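Read off the chains here:
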Amino acid sequence: MCKEYQNQHIGRRCGEDMLKLAKEKGMDTVKANIYSFNEHSRRMFEAVGFKKIDEEWYEYQSR
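For every chain, the first residue of the written sequence is number 1, and numbering continues from 1 onward in sequence order. Local features are withheld for residues below a pLDDT of 70 in this predicted model, meaning they are given only at 70 or higher, and side-chain atom pairs are given and counted only at 80 or more; totals for whole chains, interfaces and linings count all residues. Derived side-chain values reflect all non-hydrogen atoms in the structure, with water molecules and hydrogen atoms excluded from consideration.

*Asks:* What is the right way to look at the environment of threonine 29 in this model?
*Replies:* Note that threonine 29 resides in strand β1 (residues 29-33). To sort residues, take the accessible area from a 1.4 Å probe on protein chains only and compare it with the maximum for the residue type: under 20% means buried, over 50% means exposed, and anything in between is partly exposed. Owing to a relative accessible area of 27%, threonine 29 belongs among the partly exposed residues under this scheme. For the pair threonine 29 and tyrosine 60, spaced 31 residues apart in sequence, the C-alpha to C-alpha distance is 5.6 Å. Counting from the N terminus, the helices are DSSP H or I runs at least four residues long and the strands are E runs at least two residues long.

*Asks:* I keep staring at the pairing of β1 and nothing clicks. Help me out?
*Replies:* Regular strands show a simple pattern: their side chains alternate between the two faces of the sheet. Where burial is concerned, the two faces of β1 differ: the one with Val30 and Ala32 is buried and the one with Thr29, Lys31 and Asn33 is not. If DSSP finds at least two bridges between two strands, the strands pair. Of the pairings in the sheet, the one linking β1 to strand β3 (residues 57-61) comprises five bridges and is antiparallel in character. Its bridge partner being in β3, valine 30 is matched across the sheet by tyrosine 60.

*Asks:* Before we go on, may I ask you to explain the environment of arginine 12 in this structure?
*Replies:* The topology assignment puts arginine 12 in helix α1 (residues 10-24). The sequence separation of arginine 12 and phenylalanine 45 amounts to 33 residues, and the corresponding C-alpha distance is 7.4 Å. Only heavy atoms enter the contact rule, under which two residues are in contact if any of them lie within 4.5 Å. Non-local contacts of arginine 12, meaning those with residues more than four positions away in its chain, are made with Met44, Ala47 and Val48.

*Asks:* Can you walk me through the sheet that holds β3 in this structure?
*Replies:* Pairing between sheet strands relies on hydrogen bonds along the backbone, with the strands arranged either parallel or antiparallel. Pairing is antiparallel in the open sheet, where three strands are placed in the order β1-β3-β2. Bordering the open sheet on either side are β1 and β2 (51-52), each of which pairs with just one other strand.

Shown next as structure tokens:
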């Protein structure tokens, strides 16, 4: 990973845009597979509203 791009919330903005697109497409649920060792990714997905549903699976429900 490039240090110059870290801590700029680029991933969070991508996640928020992904959820916005899913809503526009009429999707109520979005799932993400996040490796257990990837703490930064897990925290980002949780920050935009994903909840852990299994060991490496997270889910966002728009309802």
